[in-house]
Each structure stands twice: as structure tokens, then as C-alpha cells.
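Now for the letters of each chain:
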Amino acid sequence: MKNKRYTKQIISDYVVLDIESTGTQFKVDEIIEIGIARVRNNIVVETYSQLIKPNQEINGFITAFTGITNDMVKNMPSILDVKDSVLEFISDDIILGYNTAFYLSFLNFRFNTRINNQYMDTQQFARKVFPDLKNHKFTTLVKRFNLSKNEHRALEDCISIKLLYDLIKKTMAEKNLKIETMWSTGKIKNIISNNTVFDEA
């Protein structure tokens, strides 16, 4: 069954979402950081960043990967303590991320709710817009396009995702790439945009 929440659009108003976690299994591992950036007219106008105290220890691999230690989170709120503030910040915006469904699965499970916002995935865009890259891992894209100097912290990664989306839009405009032709295997609705000016930040 087609996911009606997943969308592909060229837009200037949205929120960018990223999380850090103790592992990759949303029913087993826990969220240790949430970052969100609100974008209006292609500019970040407000951010949300919060470390989360998990019920399990953060192992050495995750600490080395993210820089987040057990001491850093020991006095932080629990995931349910921040539920209302996170959902309020996201509001009804389209959510932009990288492998976005993965992070939404964590939030839905840990919040015991279902976030029904439409969402987009820059990984899928990158595969279409930059097909010649050796792979489309986030680390590869960040290094290739010099998007950030601090990966694997939630808010910093939000900024990198936003910059990646800016670059995708700019490249699509330069190459006259259209969403409806990039994804030609299915019908895509409500993706028409008259926006031809993109933030190059």
C-alpha cells in the first residue's frame, strides 16, 4: 500500500528533523538527542536541540560516533518529557530529513503516537540528482559537498540536511530536472512549484 505521507516537493517552508540514538533498532534502542530546524523562505528561523536521557547505557561505539557520553545525558529529560515540545515545534509542517522514515519510526514508537505529517527524504533526491557518486551515504554527501564540519550531532546534521536540500534544488534548476520525470515509475501529485529562486547558503 502506498505511503500517502511520503512526498517529493520543491518547497521553501518546512522543518528538518534528525535524531541520535543508542543503535539502529527502534524497538530496542533509544533516542539520545533530537534536533529540529524550522525553515521559512529557505532560511532557518528557529531551532530545537535537546539531549535525552535513555534508560540504557550509551556504549563506547555510539559515544565515539556522536560524541555524546553518559555524563552528558544523566541530568537530561526523558523522551516522554519532551514529547509535547517536540510535536509542538514540528506542528503540521512537512518534515525533511535523511532516511526520514527511519527517524520517524523511533519517534512514533518512543512517543507512543503516530506523526501524520507529510515527509521528504533527501537521500532519495540525492540518488536521482547525483547518480555518479560512489554511494549516497550521509557521510559521503557531507564530505563531497562540504556541508558540515560536525556530523552525528542532531542539530548540526539538520543544518547539513537543509544545505543538501538547497544544493539539490539548485542543481535541479540548473539541469532543468523535474520531479515528475525523475520519478517516472509512478504518478506524483501536488508537486508543482513556481519557485525558481533558491537559497545558496
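Along every chain, residues carry numbers that run from 1 in the direction the sequence is written. Confidence filtering applies because this is a predicted model: local features only for residues at pLDDT of at least 70, side-chain atom pairs given and counted only at 80 or more, and all residues used for totals across whole chains, interfaces and linings. Side-chain calculation: all heavy atoms of the structure are included, whereas hydrogens and water are not.

## Digging into the sheet that holds strand S4 (residues 95-97)
What the five strands build is an open sheet, ordered S3-S2-S1-S4-S5; its pairing is mixed. The strands lining the two open edges of the sheet, one partner per strand, are strand S3 (43-51) and strand S5 (119-121). Shown here is a sheet whose adjacent strand axes are inclined to one another by a mean of 25°, direction ignored. Strand pairing is assigned whenever DSSP detects at least two bridges linking the two strands. Where helices and strands are cited, they refer to DSSP runs of H or I of at least four residues and of E of at least two residues respectively, numbered from the N terminus. Pairing of strand S1 (residues 14-21) with strand S2 (residues 31-40), which is carried by eight bridges, proceeds in the antiparallel orientation. Its bridge partner being in S2, aspartate 18 is matched across the sheet by glycine 35. Strand contacts of helix H3 (residues 83-90): S1, S2, S3 and S4, with the helix running at about 25° to S2, the strand carrying the most contacts. What makes two residues a contact is simply this: any of their non-hydrogen atoms within 4.5 Å. Axis definition: a line fitted to C-alpha atoms, limited for helices to the stretch in contact. Angles are taken between N-to-C directions and run from 0 to 180 degrees. Packing of helix H7 (residues 154-175) onto the sheet brings it into contact with S1, S2, S3, S4 and S5, and relative to S1 it is tilted by some 135°.

## Thoughts on helix H4 (residues 100-111)
End to end, H4 covers 16 Å across twelve residues, agreeing with the expected 16 Å (1.5 Å per residue, within 8%). Within H4, nine of the twelve residues are buried, leaving the element largely enclosed by the surrounding structure. When we look at burial in H4, the residues that qualify are Thr100, Tyr103, Leu104, Ser105, Phe106, Leu107, Asn108, Arg110 and Phe111. Where H4 is buried, its residues touch S1, S2, H3, S4 and S5. One or two positions beyond H4, positive phi appears at asparagine 112, with a value near 55°. Here a helix's expected span is defined as the number of its residues, less one, multiplied by 1.5 Å. Think of it in three bands: residues with accessible area under 20% of the maximum for their type are buried, residues over 50% are exposed, and the middle band is partly exposed, with areas taken using a 1.4 Å probe on protein chains only.

## Describing the packing of aromatic side chains
For this analysis, a ring pair means two rings from Phe, Tyr or Trp (six-membered ring only for Trp) whose centres lie within 6.5 Å, classed as stacked if their planes differ by under 30 degrees, edge-to-face if by over 60, and tilted for the remaining angles. Counted under the stated rule, the structure contains twelve aromatic pairs. With 6.5 Å between their ring centres and 65° between their planes, phenylalanine 26 and phenylalanine 106 make a pair best called edge-to-face. Taken as a pair, phenylalanine 26 in the loop between S1 and S2 and phenylalanine 106 in helix H4 lie far apart in primary sequence, 80 residues in all. With 5.2 Å between their ring centres and 75° between their planes, phenylalanine 102 and tyrosine 103 make a pair best called edge-to-face. Among the residues examined, phenylalanine 102 registers a relative accessible area of 25% and is labelled partly exposed. Grouped by ring-pair contacts, the aromatic residues Phe26, Phe102, Tyr103, Phe106 and Phe109 constitute a single cluster. The criterion for a charge sitting over a ring is simple: Lys NZ or Arg CZ within 6 Å of the ring centre, and within 35 degrees of the ring normal. The lysine or arginine in question, arginine 38, covers the ring of phenylalanine 89, its NZ or CZ lying 4.1 Å from the ring centre.

## A closer look at the packing of helix H5 (residues 122-129) against H7
In the contact formed by H5 and H7, the axes pass within 10 Å of each other and the chain directions differ by 35°. Our pair here, H5 against H7, has a crossing hand that is left-handed. Of the residues in H7, those in contact with Thr122, Phe125, Ala126 and Val129 of H5 are Ile161, Leu164, Tyr165, Ile168, Thr171, Met172 and Lys175. Classifying every residue of the contact of H5 with H7 by side-chain character gives eight nonpolar, two polar and one charged. Each crossing is labelled by how the near helix is turned from the far one, with a counterclockwise turn of less than a right angle marking it left-handed and a clockwise turn marking it right-handed. Only Asp, Glu, Lys and Arg are considered charged, only Ala, Val, Leu, Ile, Met, Phe, Trp, Tyr, Cys and Pro nonpolar, and every remaining residue, Gly among them, polar.

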